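Here is how the chains run, residue by residue.
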Amino acid sequence: MSSFSQFPGPLQNIIERPSETQCNGTIKRTTKRCLSMAMKQWNPDVFLPMCRAHQRNKIPSSRCGFLMTDNKTCNRLMQRIPLPYFQLCPDHISHPDNPCYLLKLPIEIRFEVYRYFLPELPIHSIGYSTVSPDYRNLLHVNRQVYLEAKDLLYSTTTFVIDVRTHGIFMCGRAIYEPLPVDIHRLRNNSLPMKPKNDIFIRNFDFNSVKNYNINIVLESNMDPNHRPLVSGPQFRPAWLWDEEVEVYDIRDSLDPVIHYLKRSRGLNRLNVKLDIDTGFNWEQQQLITNAKILLEPFLKLRQVGHPCLRDIGRVSISSPARYQSKTTVFAPRINYGTNYMPRCVVPYIPSTAIEDITWQNYQQDWEKCLQSNTPTPARSPMYRMFMEMKKFYKELTGSLTGLSKGGRDDWLHRARVAREQDDLQGFYDVRKEMVDTWQLYLEGEEAKKNILTNALSKMLDGDPAP
């Protein structure tokens, strides 16, 4: 049997199941119901019936308005419940057949109700969710409320995406992770996502998100004095690491981000911030040139409502957060009741902005390009050629060890530089080197085969005749 005591707030003091013939007052000495005969001249539709001793206790009354199956109301006497609660007796206040009055309100008012459950700050890429449990409970009301609240969350809340050397992070998950770096090949951007990240990407409604903050951090393997950092699983060997290769690695890592941004229906706000490690000893002009290379993939976007390109930030190599971003990728498992979810932690890196008139002009051109309605340039045929070459490169270096040169002399890096510069002849030269290497390998294998065949024939010919 239902009771008002299970509800918090003013319902705790409501008199349950008052009587129409007996006194509903309370004896102060025993704090129990009086239960004496009520006065006959008492009107129960205005105040609860009281005896002569408690006639000064005027408690407003009401009638239960629950609609029964025979289209008649319950009409049971009850103490008037203060707003915003409906006038329902204890047996019907939590009845499953109660109508949902929220859906009878105009959708504009429902959205104002939903806003009380939405996060006030952007949803960062760290491992702790800023969405309140009340919002999650709101999603379980029914399907209509779920769709409306979800669309409002995606369309008004800002989502943060962090792009770093070891992956792309969003909502506490690594939605993109490159292959581990070894001494024989470059970082490969075709590694499949982990199963839990595949589920997140399939369920997350990228089409409805309208506000993004993109934080890009270009991390160096050198300190400000251009000395190699301590080796570790997140570092390349000093003889293999190269500044140019790192720039293009991060630039290629932005392709999945652009893919998610293009899926948005009516992208409104896009804030992009680029931080460059002080380990890159670049002059001002070289710094701006490499920043343009990194930000070029965003020029494929069009009709963005309010794009904003922030000033270039310089990141201190001695920052503890900077070192933590290199070494600590995954936080300890977080206990959510009976479920343990491993979450990524992407620490905040403080930076100092630089100002330059050339960069300010580029910022204006960059923002105008994203706001324009002009169609995006057609993709160069070299892009498809590069993707096919990348597949061949992966198979070739996987079958034949020791072929990858590493650094900026690597075939794959030289090919993507030629792709970005639209250098068709340079691309053909790189591809020819790979083909020639494969032909030399086949010729060597054919020579080994002939030698072994001749040796086998001589061995068999040396057998005595039967």
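All values reported here derive from a predicted model rather than from experimental measurement. Position labels on residues start from 1 in each chain and follow its written sequence. The predicted origin of the model limits local features to residues at a pLDDT of at least 70 and limits the giving and counting of side-chain atom pairs to 80 or more, whereas totals for whole chains, interfaces and linings rest on all residues. Note that the side-chain values use all heavy atoms of the structure and ignore hydrogens as well as water.

Overview of the overall build of the chain
Next up, step 1: Put simply, DSSP marks the helices as runs of H or I at least four residues long and the strands as runs of E at least two long, and each gets a number from the N terminus on. Within the chain, the regular secondary structure consists of 11 helices and 12 strands.
Next up, step 2: Relative to its full complement of 466 residues, the chain shows a buried share of 42%.
Next up, step 3: Throughout, a residue-residue contact means that at least one pair of heavy atoms, one from each residue, lies within 4.5 Å. Considering only contacts in the chain between residues 6 or more positions apart, those separated by 24 or more positions represent 68%.
Next up, step 4: Total accessible area computed for the chain in this model is approximately 26,500 Å², and 55% of it derives from carbon and sulfur atoms. Type-normalised accessible area, obtained with a 1.4 Å probe on protein chains alone, sets the label of each residue: buried when under 20%, exposed when over 50%, and partly exposed for intermediate values. Accessibility throughout is a Shrake-Rupley quantity obtained with a 1.4 Å probe, and a residue counts as covered only by protein chains that appear here.

Looking at the pairing of strand 5 (residues 173–176)
Next up, step 1: A pair of strands is considered paired only if DSSP assigns at least 2 bridges between the two. The pairing of strand 4 (residues 167–170) with strand 5 spans three bridges and is antiparallel. Opposite Met170, over in strand 5, you have Arg173 as the bridge partner.
Next up, step 2: Linking strand 4 to strand 5, which pair antiparallel, is a turn of two residues; within it Cys171 sits at a positive phi near 55 degrees.

Some details on unusual backbone geometry
Next up, step 1: Backbone geometry at Asn71 places phi at a positive 60 degrees, although glycine is not the residue there.
Next up, step 2: In this fold, Asn71 is placed in the loop between strand 1 (61–63) and strand 2 (77–79).
Next up, step 3: In this structure, Cys171 is a non-glycine residue whose phi angle is positive, near 55 degrees.
Next up, step 4: Mapped onto the elements, Cys171 comes out in the loop between strand 4 and strand 5.

Let's talk about the pattern of salt bridges
Next up, step 1: In the sections that follow, a salt bridge refers to a side-chain nitrogen of Lys or Arg positioned within 4 Å of a carboxyl oxygen of Asp or Glu. As enumerated under the stated definition, the model contains 22 salt bridges in all.
Next up, step 2: One salt bridge in this structure joins Arg164 and Asp162, with 3.6 Å as the shortest N-O distance.
Next up, step 3: Judged by its relative accessible area of 4%, Arg164 is buried.
Next up, step 4: A salt bridge links Asp252 to Arg419; the nearest nitrogen and oxygen atoms lie 3.1 Å apart. In this pair, Asp252 sits in helix 5 (residues 243–262) while Arg419 sits in helix 10 (residues 411–420), placing the two residues 167 residues apart along the sequence.
Next up, step 5: On the basis of relative accessible area, Asp252 is assigned to the buried category, the value being 8%.
Next up, step 6: Owing to a relative accessible area of 10%, Arg419 belongs among the buried residues under this scheme.
Next up, step 7: One continuous salt-bridge network, built from bridges that share partners, spans Asp249, Arg251, Asp252, Asp255, Arg416, Arg419 and Glu420.

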